[in-house]
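# Summary of the model geometry
One letter stands for each residue in the lines below.
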Amino acid sequence: MNHYETVFILNPVLSEDQIKETVKKYEDFLVSNGAKMVSKEDWGLKKLAYPIQNKKSGFYHLFEYTVAGEVINTLEVEFRRDERFMRYLTVALDKHAISWAERRRVKLKQKA
């Protein structure tokens, strides 16, 4: 089991219900393929640095999870097929990145 972090940007024309449904669908997809969710974050609507698909903003989400490496390819194929996704990036975390992510989560909880 490797530790991964996936950030994705959803189309800004989606309704709040469509966004929740999309995030839930892919969270369920990961869990059904043996992933253990460590953290989920909704970063909200953000302005993009440059237009993507003629859109100037997008809804950002972050998943942090552990899963076997083979699942990542199937997840990214599903992202490519879904027109609600504008961009995505999956990164394998090393021990330093895992500890940094843990410190960041703790800091966010203290602020809340």
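Just so it is clear, the model here is predicted, and its values are computed rather than measured.

## Considerations on the pattern of salt bridges
A complete count under the given rule lists 10 salt bridges for this structure. A salt bridge links arginine 104 to glutamate 5; the shortest N-O distance between them is 4.0 Å. Pair noted here: arginine 104 is in helix 3 (residues 95–111) and glutamate 5 is in strand 1 (residues 2–10), with a separation of 99 residues, a long-range link. With respect to burial, arginine 104 and glutamate 5 carry one shared label: buried. As a salt-bridge pair, glutamate 21 and arginine 84 come within 3.8 Å of each other at their nearest N and O atoms. On the criterion of sequence distance, the pair formed by glutamate 21 in helix 1 (residues 16–32) and arginine 84 in the loop between helix 2 (70–81) and strand 4 (85–92) is long-range, its members being 63 residues apart. What makes arginine 84 buried here is its relative accessible area of 18%.

## So, helix 2
Taken together, the buried positions of helix 2 are occupied by Val71, Ile72, Leu75, Glu76 and Phe79. Projected down its long axis, helix 2 shows its buried positions confined to an angular sector of 130°, all on one face. Among the exposed residues of helix 2, those pointing more than 90 degrees away from its buried face are Glu70, Asn73, Arg80 and Arg81. Elements that come into contact with the buried residues of helix 2 comprise strand 1, helix 1, strand 3 (55–67) and strand 4.

## So, the nonpolar core
One finds Phe8, Leu10, Leu30, Phe63, Tyr65 and Val67 to be the most contacted residues of the largest nonpolar core, which totals 19 residues. Contributions of two or more residues to this core are made by strand 1, helix 1, strand 3 and helix 2. When sequence neighbours within four positions are dropped, the list of residues in contact with leucine 30 reads Ala35, Met37, Phe63, Tyr65, Val71 and Leu75. Ile9, Leu48, Ile52 and Tyr60 belong to the second-largest nonpolar core, a separate cluster that totals five residues.

## Examining the sheet that holds strand 4
The antiparallel open sheet is built from four strands, whose spatial order is 2-3-1-4. Because the sheet does not close on itself, it has two edges, and the strands there are strand 2 (36–52) and strand 4. Strand-to-strand twist of the sheet, defined as the mean angle between neighbouring strand axes without regard to direction, takes the value 20°. Relative to strand 4, strand 1 runs antiparallel, the two being bridged by seven bridges.

## Some remarks on the packing of aromatic side chains
Applying the stated criterion across every chain yields a total of nine aromatic pairs. On the basis of an interplanar angle of 75° and a centroid distance of 5.3 Å, the ring pair of phenylalanine 8 and phenylalanine 63 is categorised as edge-to-face. Pair noted here: phenylalanine 8 is in strand 1 and phenylalanine 63 is in strand 3, with a separation of 55 residues, a long-range link. Across the pair, exposure class does not vary: phenylalanine 8 and phenylalanine 63 are buried alike. These aromatic residues form a ring-pair network of at least three members: Phe8, Tyr26, Phe63, Phe79, Phe85 and Tyr88.

Thresholds applied
- Residues numbered from 1 in each chain as written.
- Predicted model: local features only at pLDDT ≥ 70, side-chain atom pairs only at ≥ 80, totals over all residues.
- Heavy atoms only, no water.
- Salt bridge = Lys/Arg side-chain N within 4 Å of Asp/Glu carboxyl O.
- Helix = DSSP H or I, 4+ residues; strand = E, 2+ residues; numbered from the N terminus.
- Buried < 20%, exposed > 50% of the residue type's maximum accessible area, 1.4 Å probe, protein only.
- Arc of directions from axis to C-beta.
- Contact = heavy atoms within 4.5 Å.
- Core = buried A, V, L, I, M, F, W, Y, C linked by side-chain atoms within 4.5 Å.
- Pairing = 2+ DSSP bridges.
- Axes fitted to C-alpha atoms, helices over the stretch in contact; angles between N-to-C directions.
- Phe/Tyr/Trp six-rings, centres within 6.5 Å; stacked < 30°, edge-to-face > 60°.

By themselves, these are just geometric observations and shouldn't be taken as functional.
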